[in-house]
Amino acid sequence: MAGIRALIGLAFLASLGITLLVLACALPQYNKWWPMFVLLFYFLSPIPTMISRRFAESIEASSALVEVCIFITTCIVVSAYGLPMILARKATIDWGACGLVLAGNTVVFFTILLFFFFFGRDDTFEYSTW
């Protein structure tokens, strides 16, 4: 039952983050859809972690694969925060829209972190059986 509550809470947080992103695009005073490119970073950010969990012996132990995957994930997250700032600096979007996108980024990336915290610990599936 605790897993279902966690999943419902994560779904709520993800929908809140996406709502902030849509508000940054769709409010009449902003009305520019350039910040939606941040969705690409949302989809790309968990991929290196899943790759490292698949191929590394242990995620807790340090290895070159784990370190590279953490570096790539960090680059993706920093790029997701940097893109709206660059768009706002170049006056492509307003600074209010940039603030909404940054708030949405924080909520969505926190949701992804919580997902790996709640559901990544008890991975009983052995990939070595393939």
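Structure first, text after, so check above.
As a starting point, this report considers the structure included with it. (Residues numbered from 1 in each chain as written. Predicted model: local features only at pLDDT ≥ 70, side-chain atom pairs only at ≥ 80, totals over all residues. Heavy atoms only, no water.)

**Topic: the packing of helix H4 (residues 64-89) against helix H5 (residues 95-119)**
Contact geometry of H4 with H5 gives a least axis separation of 9 Å together with a crossing angle of 170°. Between H4 and H5, the crossing angle belongs to the class labelled roughly antiparallel. Between H4 and H5, the contacting residues are Val77, Ala80, Tyr81, Pro84, Met85, Ala88 and Arg89 on the first element and Trp95, Cys98, Val101, Leu102, Asn105, Thr106 and Phe109 on the second. Broken down by class, the residue content of the contact of H4 with H5 amounts to 11 nonpolar, two polar and one charged. (Axes fitted to C-alpha atoms, helices over the stretch in contact; angles between N-to-C directions. Helix = DSSP H or I, 4+ residues; strand = E, 2+ residues; numbered from the N terminus. Parallel < 35°, antiparallel > 145°, perpendicular 65-115°, else oblique. Contact = heavy atoms within 4.5 Å. Nonpolar A, V, L, I, M, F, W, Y, C, P; charged D, E, K, R; others polar.)

**What about H4?**
Relative to the 38 Å expected for 26 residues at 1.5 Å per residue, H4 spans 36 Å between its end C-alpha atoms, a close match to the ideal helical length. All buried positions along H4 are accounted for by Val66, Cys69, Thr73, Ile76, Ala80, Pro84, Leu87 and Ala88. At its buried positions, H4 is contacted by helix H2 (38-44), helix H3 (47-55) and H5. Looking at the residues trailing H4, positive phi occurs at Ala91, about 65°. (Expected span 1.5 Å × (residues − 1). Buried < 20%, exposed > 50% of the residue type's maximum accessible area, 1.4 Å probe, protein only.)

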